[in-house]
Amino acid sequence: MRVLVTGASGHIGSAVVPELLRAGHQVVGLARSDRSAEAIAAAGAEVRRGDLDDLDGLREAAEAADGVIHLAFKHDLMGAGDFAGAAAADFAAIKALASALEGTGKPLVTSSGTLMLVSAGITGRPGTEADFAPGGPRVDAENFVIGLAEHGVRSSAVRLPPIVHSSLDHHGFAHILIGVARQTGASAYVGDGTNRWPSVHTLDAARVYRLALESAPAGSRLHAVADEGIPFRDIAATIGRGAGVPVESISAEDAGERFAFLGTVVGVDNPTSSETTRKVLGWEPAHPGLIEDLDQGHYFA
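The residue count restarts for each chain, going from 1 along the sequence in the order it is written. It should be noted that, the model being predicted, local features are given only for residues of pLDDT at least 70 and side-chain atom pairs only at 80 or more, the latter also being counted only at that level, while totals for whole chains, interfaces and linings use all residues. With hydrogens and water excluded, all non-hydrogen atoms of the structure serve as input to the side-chain values.

## Re helix 10 (residues 232-243)
Part 1 of the reasoning: Labels follow the DSSP assignment, with helices taken as runs of H or I lasting at least four residues and strands as runs of E lasting at least two, numbered in each case from the N terminus. By definition here, a helix of n residues has an expected span of 1.5 Å times n minus one. In a regular helix each residue adds 1.5 Å, so 12 residues correspond to 16 Å; helix 10 covers 16 Å between its end C-alpha atoms and thus fits that length.
Part 2 of the reasoning: Along helix 10, the positions that sit buried rather than exposed are F232, I235, A236, T238, I239, G240 and A243.
Part 3 of the reasoning: Whether two residues are in contact is decided by their heavy atoms: any pair within 4.5 Å suffices. For helix 10, the elements touching its buried residues are helix 8 (173-184), strand 8 (187-190), strand 9 (196-201), strand 11 (227-231), strand 12 (247-250) and helix 13 (290-295).
Part 4 of the reasoning: Just past helix 10, the residue G244 takes up positive phi, approximately 70°. With a 1.4 Å probe rolled over the protein chains alone, any residue whose accessible area is under 20% of its type maximum counts as buried; one over 50% counts as exposed, and the rest are partly exposed.

## A short note on the pattern of salt bridges
Part 1 of the reasoning: Salt-bridge detection follows one rule: a side-chain nitrogen of Lys or Arg within 4 Å of a carboxyl oxygen of Asp or Glu. Tallied over the entire structure, the rule returns 18 salt bridges.
Part 2 of the reasoning: We note a salt bridge from E19 to R210, for which the minimum N-O separation is 2.9 Å. Placement of the pair is E19 in helix 1 (residues 13-22) and R210 in helix 9 (residues 202-215), with a sequence separation of 191 residues.
Part 3 of the reasoning: A salt bridge links D90 to R138; the shortest N-O distance between them is 3.9 Å. Of this pair, D90 sits in helix 5 (residues 83-101) while R138 sits in the loop between helix 6 (116-119) and helix 7 (139-147); the two residues are 48 residues apart in sequence, bridging distant segments of the chain. Here the two residues D90 and R138 agree in accessibility, since each one is buried.
Part 4 of the reasoning: Look at the salt bridges and you will find they share partners, linking E19, R22, R210 and E214 into a network.

## Focus: the nonpolar core
Part 1 of the reasoning: Of all hydrophobic cores here, the largest spans 36 residues; its most connected members are L177, W197, I239, F259 and V266.
Part 2 of the reasoning: For this core, the elements supplying multiple residues, two or more each, are helix 8, strand 8, helix 10, helix 11 (252-259) and helix 13.
Part 3 of the reasoning: Looking at this core, the element that brings in the most residues is helix 8, giving 6 residues.
Part 4 of the reasoning: Leaving out residues up to four positions away in the same chain, W197 has contacts with P162, I163, F173, L177, D227, G229, I230, F232, I235, V265, V266 and V268. Here the nonpolar core consists of buried residues drawn from Ala, Val, Leu, Ile, Met, Phe, Trp, Tyr and Cys, with membership extended through side-chain atoms lying within 4.5 Å.

## A closer look at the packing of helix 5 against helix 7
Two packed helices can be described by the angle between their axes and the distance between those axes.
Part 1 of the reasoning: For the pair helix 5 and helix 7, interaxial distance at closest approach is 9 Å and the crossing angle is 15°. Viewed along their axes, helix 5 and helix 7 adopt a mutual orientation that is roughly parallel. Between helix 5 and helix 7 lies a crossing of left-handed hand. Of the residues in helix 7, those in contact with D90, F91, I94, K95 and A98 of helix 5 are D140, A141, F144 and V145.
Part 2 of the reasoning: For the contact of helix 5 with helix 7, the residue count by class is 6 nonpolar, no polar and 3 charged. Only the contacting stretch of a helix is used when fitting its axis, a line to C-alpha atoms as for every element, and angles between N-to-C directions run 0 to 180 degrees. Note on terminology: angles under 35 degrees are roughly parallel, angles over 145 are roughly antiparallel, angles of 65 to 115 are roughly perpendicular, and the others are oblique. Crossing handedness is defined as follows: a turn of the near helix away from the far one that is anticlockwise and smaller than a right angle gives a left-handed crossing, while the clockwise case is right-handed. Residues were grouped as follows: Ala, Val, Leu, Ile, Met, Phe, Trp, Tyr, Cys and Pro as nonpolar; Asp, Glu, Lys and Arg as charged; and all remaining residues, including Gly, as polar.

## Re the packing of aromatic side chains
Part 1 of the reasoning: Only Phe, Tyr and Trp rings take part, Trp by its six-membered ring, and two of them pair if their centres are within 6.5 Å. Stacked means planes under 30 degrees apart, edge-to-face means over 60, and tilted covers everything else. For the structure shown, the criterion picks out 4 aromatic pairs.
Part 2 of the reasoning: With a centroid separation of 6.2 Å and an interplanar angle of 65°, the aromatic rings of F173 and F261 are classed as edge-to-face. One end of the pair, F173, is in helix 8; the other, F261, is in the loop between helix 11 and helix 12 (275-281), with 88 residues separating them in the sequence.
Part 3 of the reasoning: Of the residues examined, F173 reaches a relative accessible area of 18% and is grouped as buried.
Part 4 of the reasoning: With centroids separated by 5.0 Å and ring planes inclined at 80°, the aromatic side chains of W197 and F232 adopt a geometry described as edge-to-face. Placement of the pair is W197 in strand 9 and F232 in helix 10, with a sequence separation of 35 residues. For the pair W197 and F232, one class covers both residues: buried.
Part 5 of the reasoning: Linked through ring pairs, F173, W197, F232 and F261 together constitute an aromatic cluster.
Part 6 of the reasoning: We call a charge positioned over a ring when the NZ of a Lys or the CZ of an Arg lies within 6 Å of the ring centre and within 35 degrees of the ring normal. The cationic tip of K95 hangs over the ring face of F91; the distance from NZ or CZ to the ring centre is 4.2 Å.

## Considering the sheet that holds strand 9
Pairing between the strands of a sheet is mediated by backbone hydrogen bonds and can be parallel or antiparallel.
Part 1 of the reasoning: When DSSP finds two or more bridges between a pair of strands, those strands are recorded as paired. The mixed open sheet is built from 3 strands, whose spatial order is 7-9-11. Of all strands in the sheet, those bounded by a partner on one side alone are strand 7 (163-165) and strand 11. Going from strand to strand, the sheet's axes swing by 40° on average, the running direction of each strand aside.
Part 2 of the reasoning: Inspection of the sheet shows strand 9 paired to strand 11 by 3 bridges, in the antiparallel sense. The residue of strand 11 that forms the bridge with S199 is D227.
Part 3 of the reasoning: Strands in contact with helix 9 are strand 7 and strand 9; relative to strand 9, the strand with the most contacts, it is inclined by about 75°.

## Here we look at the UniProt feature "domain: NAD-dependent epimerase/dehydratase" (unreviewed entry) in the protein chain
Part 1 of the reasoning: If you check UniProt for "domain: NAD-dependent epimerase/dehydratase" (unreviewed entry), the listed places come out as residues 3-75 in our numbering.
Part 2 of the reasoning: A helix fraction of 40% and a strand fraction of 25% characterise residues 3-75, whose end C-alpha atoms lie 23 Å from each other. UniProt positions are given in the numbering used here, feature names are shortened, and annotations may be inferred rather than shown by experiment.

## Some points on helix 2 (residues 34-42)
Part 1 of the reasoning: Along helix 2, the residues classified as buried are S36, A37 and I40. The buried side chains of helix 2 occupy one side of the element, clustering within an arc of 100° when seen end-on. Residues of helix 2 that are exposed and point over 90 degrees away from its buried face: D34, R35, E38 and A42.
Part 2 of the reasoning: In this fold, the buried residues of helix 2 make contact with strand 2 (26-31) and strand 3 (46-49).
Part 3 of the reasoning: Of the residues flanking the end of helix 2, it is G44, one or two places downstream, whose phi is positive at about 100°. This arc describes the spread of directions from the helix axis toward the C-beta atoms.

Here it is in structure tokens:
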């Protein structure tokens, strides 16, 4: 299969591209800079120049592909506090890609997040693939993708947990939490820290994307989740140990000042099941969990 991958040089893309190539697929990676182009070429994939704002270019690239995996997202915009703007750009890009695939039966695999389940009001139990919110930033894009099953696209949305971890991760939430702990001199959790976060190793997540491309039924919501829910205080304790700083509880009111744009989510309870995904795709995680990975030390080097 000739596969277009957006975000091919990013954290997840740097694992998805080799995963696809090893499985015998041809990969065309979208590159917005010379540095991205060099990384994609070095991985053995074909380079196509473009970005999320070039909607005509995205349509053209999708038309020439047998399937699309959409990983790119304006994380810099989100980090600057404009999550709505980043989500709007993502939705526009997805619509452009989808317009080239409607009626073809080709696969379109997009990305979402398990934190979106919080907006669906899922509390007190693990969220499942059947759970969804009616609307909102990034949720609208996910719901649109699921609806493409009615328009001749073998569509699926992979929900990623807030922490996707490995030595390939250089800018994710784990690094942000470690950076905050070092900057403030303490690794913090909110309240009693019993709220839970799911996680997955990058290489296990990459396999979910590849399997979704190859076999996910149209209109599938999938969870790339290995650790269903780790108490946040355990994550904070592991970060404190690795960074050599004390661990402390802070109030929800102080979370915004301590964690900046992550302040609204560090205290949420987001346990997430991947039982359906494992059955549908025949997927099982094969790499270390978050706590074990943090304890290996590479995040603190």
